[in-house]
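# Observations on chain architecture
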Amino acid sequence: MIWTTLALLLLVVLGGFIAYYGDLQGRRWGKRRVSWFGLRPKHTAILITSLTGAFISMVSIAALLLISPPIRQVVLEGEQAIAEKARLDRQVRIARQQAAEAMAQAKRDQELAQEAHQQLLLSQKALQRAKQHVVVLRAQSEHLRAQVARKRDELAQKTREVARLEQQRARLEALNRHFVAQNRELAKQNLALVHENTKLTQENKTLIASNSDLQRQNADLGRANEVLERTNQLQLEANQSEEQKAAEIRKQLQEVQDQLAAAQSRYTMVSQRLDEVYRFLAGSTNDYLVLRQSPIAVRYGAELARTVIAAHLDRQTILTQLKQLLQQASATALGYGAAIGDNGSAVHLLSPMTLTLTGGATGSNTEAALNDLAARLEGSDTPTLLIVRSLSNTLNGEQVPVEVVSRTVQTVFHSGDELAEEKIEGVLSVRDLQQKLAQFLQTDVRSAAIKAGIIPAVDPVTGASQVGLFDPLTLAHLVQQAQRMRGPLLIKAVAASSITSADLLDPEHLRIEFLRAAGG
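Residues numbered from 1 in each chain as written. Predicted model: local features only at pLDDT ≥ 70, side-chain atom pairs only at ≥ 80, totals over all residues. Heavy atoms only, no water.

## A look at the overall build of the protein chain
Scanning the protein chain for helices and strands turns up nine helices and 15 strands. For the protein chain, buried positions account for 28% of its 520 residues. Partitioning the intrachain contacts of the protein chain with sequence separation of at least 6 by distance along the chain shows that 73% fall at a separation of at least 24. Total accessible area on the protein chain stands at roughly 33300 Å², and carbon and sulfur atoms take up 56% of it. (Helix = DSSP H or I, 4+ residues; strand = E, 2+ residues; numbered from the N terminus. Buried < 20%, exposed > 50% of the residue type's maximum accessible area, 1.4 Å probe, protein only. Contact = heavy atoms within 4.5 Å. Areas by Shrake-Rupley, 256 points an atom, 1.4 Å probe, with all protein chains shown as cover.)

## Thoughts on helix α2 (residues 41-67)
Its 27 residues place the ends of α2 38 Å apart at the C-alpha level, agreeing with the 39 Å of an ideal helix rising 1.5 Å per residue. Turning to α2, its buried residues number three or more, namely Thr44, Ala45, Ile48, Thr52, Gly53, Ile56, Leu64 and Leu65. (Expected span 1.5 Å × (residues − 1).)

## Here we look at the pattern of salt bridges
Scanning the entire structure with this criterion turns up eleven salt bridges. Two residues, glutamate 303 and arginine 306, come together in a salt bridge whose shortest N-O distance is 2.6 Å. Glutamate 303 gets classed as buried once you look at its relative accessible area, which sits at 13%. Of the charged contacts in the structure, one is a salt bridge between glutamate 418 and lysine 492, with a shortest N-O distance of 3.8 Å. Here glutamate 418, found in strand β10 (residues 418-424), pairs with lysine 492, found in strand β13 (residues 489-495); they are 74 residues apart in sequence, far enough to count as distant. Residue classification places lysine 492 among the buried positions, given a relative accessible area of 19%. (Salt bridge = Lys/Arg side-chain N within 4 Å of Asp/Glu carboxyl O.)

## Points about the packing of helix α6 (residues 315-335) against helix α7 (residues 366-377)
The N-to-C vectors of α6 and α7 enclose an angle of 130°; their axes lie 9 Å apart at closest approach. Relative to α7, α6 is oriented oblique. The two elements α6 and α7 meet at a crossing, and its hand is right-handed. On α7, the residues touching Arg315, Ile318, Leu319, Leu322, Lys323 and Leu326 of α6 are Thr366, Glu367, Leu370, Asn371, Leu373, Ala374, Ala375 and Leu377. A breakdown of the residues in the contact of α6 with α7 according to their chemical character gives nine nonpolar, two polar and three charged. (Axes fitted to C-alpha atoms, helices over the stretch in contact; angles between N-to-C directions. Parallel < 35°, antiparallel > 145°, perpendicular 65-115°, else oblique. Left-handed = near helix turned anticlockwise from the far one by under 90°. Nonpolar A, V, L, I, M, F, W, Y, C, P; charged D, E, K, R; others polar.)

## Topic: the side chain of serine 380
Here serine 380 is to be found in the loop between α7 and β6 (384-390). Excluding residues that lie within four positions of it along the chain, serine 380 makes contacts with Ala311 and His312.

## Things to note about the packing of helix α8 (residues 430-452) against helix α9 (residues 472-485)
Orientation of α8 relative to α9, taken along the N-to-C sense of each, is 120°, at an axis distance of 10 Å. With respect to the hand of their crossing, α8 and α9 are arranged in right-handed fashion. Across the interface between the two elements, Val430, Leu433, Gln434, Leu437 and Leu441 from α8 touch Leu475, Leu478, Val479, Ala482 and Gln483 from α9. Grouping the constituent residues of the contact of α8 with α9 by class yields eight nonpolar, two polar and no charged.

## Considering the nonpolar core
Grouped together as the largest cluster of nonpolar side chains are 28 residues, with contacts concentrated most on Leu419, Val445, Ile454, Leu505, Leu510, Ile512 and Phe514. For this core, the elements supplying multiple residues, two or more each, are β9 (411-413), β10, α8, α9, β13 and β15 (510-516). If one sorts the elements of this core by residue count, α8 sits on top with seven residues. Discounting chain neighbours no more than four positions away, the residues touching leucine 505 are Leu419, Val445, Ala449, Ile454, Val467, Gly468, Leu469, Phe470, Ile499 and Leu510. In terms of nonpolar packing, the next biggest core, distinct from the first, is built from 27 residues, Ala333, Ala346, Leu373 and Leu386 among them. (Core = buried A, V, L, I, M, F, W, Y, C linked by side-chain atoms within 4.5 Å.)

Nothing here speaks to function; it is geometry throughout.
Structure follows, in structure tokens:
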């Protein structure tokens, strides 16, 4: 700045000196009446004055450039410096924008840190609930042990009762055989008496007096025979009643045996579940400091894979699709930092214990859980959505415990149905249009989709639920389309095809339309 000021002052002084000296030379040469190149003396004096001023100015500027490097740099590189200054100004503006974005990113990171802290608090609460659940399972185990003991006592009592009834049935069968033999004997006697009666009837003419006695005897024998027949019938009915009671007792005994087997199976499942919970608690206690200091690869409740099982499939096909679903979940978990476990997969299916109506339990391991799920889905009349979901927060380098959740698939939107709409007033900038479009998709469209029944997916990293995804290129294209229309606009979200509760909203299923608003 000092050299520039000195240069300007020197130029002013030099201008004055050139004016004075040029005028002096002009008068001197004018008085001599010199003529150059056939010019008049007056014009020759003017030419000499101009050449003298130009020569002095050129010598002075050359001397100034030689003496002062800063001034020489300003004269020679001034234009380049101005262009460089403009370029640096643009870089400064870009740097300021990047600094603002960095501050926004730092703020988002701080929010994520707060969310992670809240998630840690939730994990601690989940650990406390797991401990309480262990206490409850212990109480259930003691109750089941007592119930098994009672069932064993009841089984022994029923066994003794069955033995007693078997002995009674044997006695009744022996007595029945005796009465049957006696009845046959009486029938033979009755037949003999009938023959005798026939003979007596032939002799009735000669033996009228004795015939009355024989008739009375015959009537007595008939009544005795009827009494014996009624007694035999009553005995048969009593025998049948005893046999029905014995059948009922055998049926009750079989039911008691089934209940005992179910109780034993349930006791085994509870014991296995307790062992899993103990191992989980032991691992949680040992890795508590690691959980506080290590990054989380997959969050609790995160969706790792999903698929739709079509209706009316056979069990083997369903089982194949289930195994492919677990392989897809394993690949997703590996992508987020999980590790492969002893089962050769990055996920471990923890089959939840399912209590039956008889008190039994199913689902002791992965194969059993998959077979049970395939059996339940076999021949289903409606499609079913299966989601592999994380059961806990998983650190980097750990295997992810998962469960398979099933949901019935149904159509929630038909092609052409309108999900949501919003009006944009005035002409907005690109940034404002981006914010408006993002808010419309994340608020209005998301609420309409969840309300209609679309099952959202949970992000493995952030833990946030989402019903769809639009890539940045598609969003940029939509913003350009809206910007070209200008004026008040009406944004509409329309189903591009039939949407089920298992589908996620993407450009294939959802179409964004821009219309001119009324009065625009």
